[in-house]
Amino acid sequence: MNPSVCRNGRPEVHRELYFAEVQRRLKDVDQRIEDMDRCGIDISILSLTQPGIEGVTNARQAVEMARKMNDHVANKLVARHPKRLKAFACVPLQDPEAAAQELEMAVSQLGCVGALINGYSNVGDENTAQYLDEPQVKPFWDRVSALKVPVYLHPRNPLPNQRRIYDGYAGLIGASWGFGVETATHSVRLMLSGLFDRYPGLTVILGHLGEGLTFTLPRLDHRLRHLKAVSHGPHKLPPTEYFRRNFYVTTSGVFRTQALINALLELGSDRILFSVDYPYETMQEISSWFDSCSIGEIDRAKIGDANARRLFRL
């Protein structure tokens, strides 16, 4: 549903109708399959939308909910269309040991193709964040490395007590702007922390063509070379090198050929995945754009099919 064509002109009504339709499509996997058929999409990977398990402030409850959600997506949703649907596991990083165990169970027993993490995890209250580069998360990364599965770092809203810059501009907090700022900064933390030196085989996936990092990382590389006396993490390589070696980006929610070409120039076509961001975006809009955008057919085949089959072992 396009809220701009609703008869009632009030923005809050448009927004309510839009999200009501999103909620319906989130739960209706049969509708998803129909939309996939219309747009020539063979396989979709399901995940728990933000804030997800990461927003549960009680660690015990997060562990219980993650298990229930993974069981539900595998046995109630994917099982309806096992050749067309796969799933990312949700993991309770409020307890990193339990997150490691849940990931192994979800991958080995439920067939999940990796984990999706909605940014930072709340621990104790909504204004306390645990980021993925922090030392206590090590047991989880140990297991990810052993399982050789990717981790999708999905955006979520910035912490409530860190939104002063958005005062008066509430529409910027989420997907339109704040998502990208939050997730790009979280990704840079991972790069500078030495995580990819300790685990050189790790793979992290970012949506929205890399949350702006294809444009901004070269500038970060340049400035860090001039800040040798200032602490910026124990990393051994420039951030751009980790980006090219350890990250994939998806086209989710981005219909801009110029941005895709920039990502191709920075990362190469082996590191980009076609994705829709359904149900927040329509499959028809991004599929039509991708099928006709001005890139080579070999690159289109990699981005649209071959890279995902290789990465997710489809």
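Structural data are supplied above this passage.
Undergrad: Could you clarify how one ought to interpret the nonpolar core in this entry?
TA: Soluble globular proteins tend to bury their nonpolar side chains together. Grouped together as the largest cluster of nonpolar side chains are 65 residues, with contacts concentrated most on Leu103, Phe140, Trp141, Phe196, Phe243 and Leu260. Beyond its immediate chain neighbours, meaning those up to four positions away, leucine 103 contacts Ala89, Val91, Gly114, Ala115, Phe140, Val144, Leu147 and Val149.

Undergrad: Sorry if this is basic, but what is going on with helix H6 (residues 178–192) here?
TA: Here H6 contains 15 residues, and its C-alpha end-to-end distance of 21 Å stays within 8% of the 21 Å for a straight helix at 1.5 Å per residue. Most of H6 sits inside the fold, with 12 of its 15 residues counted as buried. Within H6, burial applies to Gly178, Phe179, Gly180, Glu182, Thr183, Ala184, His186, Ser187, Val188, Leu190, Met191 and Leu192. At the exit of H6 stands glycine 194, carrying a positive phi of roughly 90 degrees.

Undergrad: What am I meant to see in the packing of aromatic side chains here?
TA: In this description, an aromatic ring pair is defined by two values, namely the gap between the centres and the angle between the planes. Applying the stated criterion to the full structure yields 9 aromatic pairs. Taken together, the ring pairs in this structure connect Phe196, Tyr242, Phe243 and Phe247 into an aromatic cluster. Directly above the aromatic system of tyrosine 278 lies the positively charged group of arginine 25, at a separation of 5.4 Å from the ring centroid.

Undergrad: Which parts of the structure should I look at to understand the pairing of strand S8 (residues 247–250)?
TA: Looking down a regular strand, the side chains alternate between one sheet face and the other. Because side chains alternate across S8, one face comprises the buried residues Phe247 and Val249, and the other comprises Tyr248 and Thr250, equally buried. The pairing of S8 with strand S9 (residues 272–273) spans 2 bridges and is parallel. Across the sheet, threonine 250 pairs through a bridge with leucine 273, a residue of S9. Taking the sense of rotation as the criterion, the β-α-β connection linking S8, helix H11 (residues 257–267) and S9 turns out right-handed.

Undergrad: Sorry, what's going on with the side chain of threonine 240 here?
TA: Relative to the helices and strands, threonine 240 is located in helix H10 (residues 239–246). Within polar-contact distance, the side chain of threonine 240 engages the side chain of aspartate 221 at 2.5 Å. Look past the residues within four positions of threonine 240 in its chain and what remains in contact with it is Leu217, Pro218 and Asp221.

Undergrad: Would you mind going over the pattern of salt bridges with me for this structure?
TA: A side chain with one charge may pair with a side chain of the opposite charge, provided their charged atoms come close. Taken as a whole and judged by the stated rule, the model has 16 salt bridges. Each of Glu21, Arg24 and Asp28 takes part in one network of salt bridges that share partners.

Undergrad: Which parts of the structure should I look at to understand helix H13 (residues 297–311)?
TA: Structural remark: α-helix, 3.6 residues per turn; residues separated by three or four positions point the same way. Between its first and last C-alpha atoms H13 spans 20 Å; for 15 residues at 1.5 Å apiece the expected length is 21 Å, and the two agree. Isoleucine 303 marks the point of greatest bend in H13, at about 50 degrees. Within H13 the residues assigned to the buried category are Arg300, Ile303, Asn307 and Leu311. Looking one or two residues beyond H13, the residue adopting positive phi is arginine 313, at roughly 55 degrees.

Undergrad: How should a nonpolar patch on the surface be read in this particular structure?
TA: A cluster of nonpolar side chains, Tyr169, Leu172, Trp177 and Val181, forms an exposed patch at the surface whose accessible area comes to about 430 Å². With respect to the helices, strands and loops of the structure, tryptophan 177 is situated in the loop between strand S6 (151–154) and H6.

Undergrad: Looking at this model, I keep getting lost on the packing of helix H12 (residues 283–292) against H13. Mind explaining?
TA: Packed helix pairs are specified by the crossing angle of their axes together with the interaxial distance, meaning the distance between the axes. Orientation of H12 relative to H13, taken along the N-to-C sense of each, is 150 degrees, at an axis distance of 10 Å. Classified by the angle their axes make, H12 and H13 are roughly antiparallel. Of the residues in H13, those in contact with Phe290, Asp291 and Ser292 of H12 are Arg300, Ile303 and Gly304.

Undergrad: Hey, could you run me through the sheet that holds S9 in this one?
TA: Adjacent strands of a sheet pair through backbone hydrogen bonds, lying either parallel or antiparallel. What the 5 strands build is an open sheet, ordered S3-S6-S7-S8-S9; its pairing is parallel. Two strands lie at the open edges of the sheet, namely strand S3 (115–118) and S9, each paired on one side alone. Here S6 pairs with strand S7 (residues 204–206) via 3 bridges, running parallel. Within S7, the residue paired with leucine 153 across the bridge is leucine 206.

Undergrad: What is the right way to read the packing of helix H2 (residues 29–39) against H12 from this model?
TA: Contact pair H2 / H12: the axes reach a minimum separation of 10 Å and the direction vectors enclose 25 degrees. Put simply, H2 runs roughly parallel to H12. The handedness of the crossing between H2 and H12 comes out as right-handed. For the pair H2 and H12, the contacting residues are Arg32, Asp35, Met36 and Cys39 in the first and Met283, Gln284 and Ser287 in the second.

The rules behind these values
- Throughout this description, residue numbers start from 1 for each chain and increase along the sequence as written.
- The predicted nature of this model means local features are confined to residues of pLDDT at least 70 and side-chain atom pairs, given and counted, to a pLDDT of 80 or more, with totals for whole chains, interfaces and linings taken over all residues.
- Excluded from the side-chain calculations are hydrogens and water; all other atoms, namely the structure's heavy atoms, are used.
- In plain words, nonpolar cores are sets of buried Ala, Val, Leu, Ile, Met, Phe, Trp, Tyr and Cys residues tied together by side-chain atoms within 4.5 Å.
- Exposure classes here rest on a 1.4 Å probe applied to the protein chains alone. A residue is buried below 20% of its type maximum, exposed above 50%, and partly exposed in between.
- Two residues qualify as a contact provided that any one of their heavy atoms is within 4.5 Å of a heavy atom in the partner residue.
- Here a helix means four or more residues in a row that DSSP labels H or I, a strand means two or more in a row labelled E, and each is numbered from the N terminus.
- By definition here, a helix of n residues has an expected span of 1.5 Å times n minus one.
- In this analysis, rings of Phe, Tyr and Trp, with Trp reduced to its six-membered ring, are considered paired at centre separations within 6.5 Å, and the interplanar angle assigns stacked below 30 degrees, edge-to-face beyond 60, and tilted for intermediate values.
- Each ring is checked for a lysine NZ or an arginine CZ that lies within 6 Å of its centre and within 35 degrees of its normal; such an atom marks a charge sitting over the ring.
- We call two strands paired when DSSP finds no fewer than two bridges between them.
- Look down the strands so they point away from you; if going from the first strand over the helix to the second traces a clockwise path, that crossover is right-handed.
- Polar contacts, as counted here, are pairs of nitrogen or oxygen atoms within 3.5 Å of one another; within protein the pair requires one atom able to donate a hydrogen and one able to accept it, and residues that are adjacent in sequence qualify only if both atoms are side-chain atoms.
- By salt bridge we mean one thing: a side-chain nitrogen of Lys or Arg within 4 Å of a carboxyl oxygen of Asp or Glu.
- Note on bend: at a given residue it equals the angle between the axes fitted to the 7 residues ending there and to the 7 starting there.
- Patches were defined on residues exceeding 30% relative accessible area and lacking a salt bridge, with like-charge contacts within 9 Å and nonpolar side-chain contacts (Val, Leu, Ile, Met, Phe, Trp, Tyr) within 5 Å.
- The accessible surface values rely on the Shrake-Rupley method and a 1.4 Å probe; as for residues, cover is taken only from the protein chains in view.
- All axes are obtained by fitting lines to C-alpha atoms, using only the stretch in contact for helices, and the reported angles, taken between N-to-C directions, cover 0 to 180 degrees.
- Roughly parallel means an angle under 35 degrees; roughly antiparallel means over 145; roughly perpendicular covers 65 to 115; every other angle is labelled oblique.
- Handedness of each helix crossing follows the sense of rotation of the near helix against the far helix: counterclockwise by less than a right angle gives left-handed, clockwise gives right-handed.

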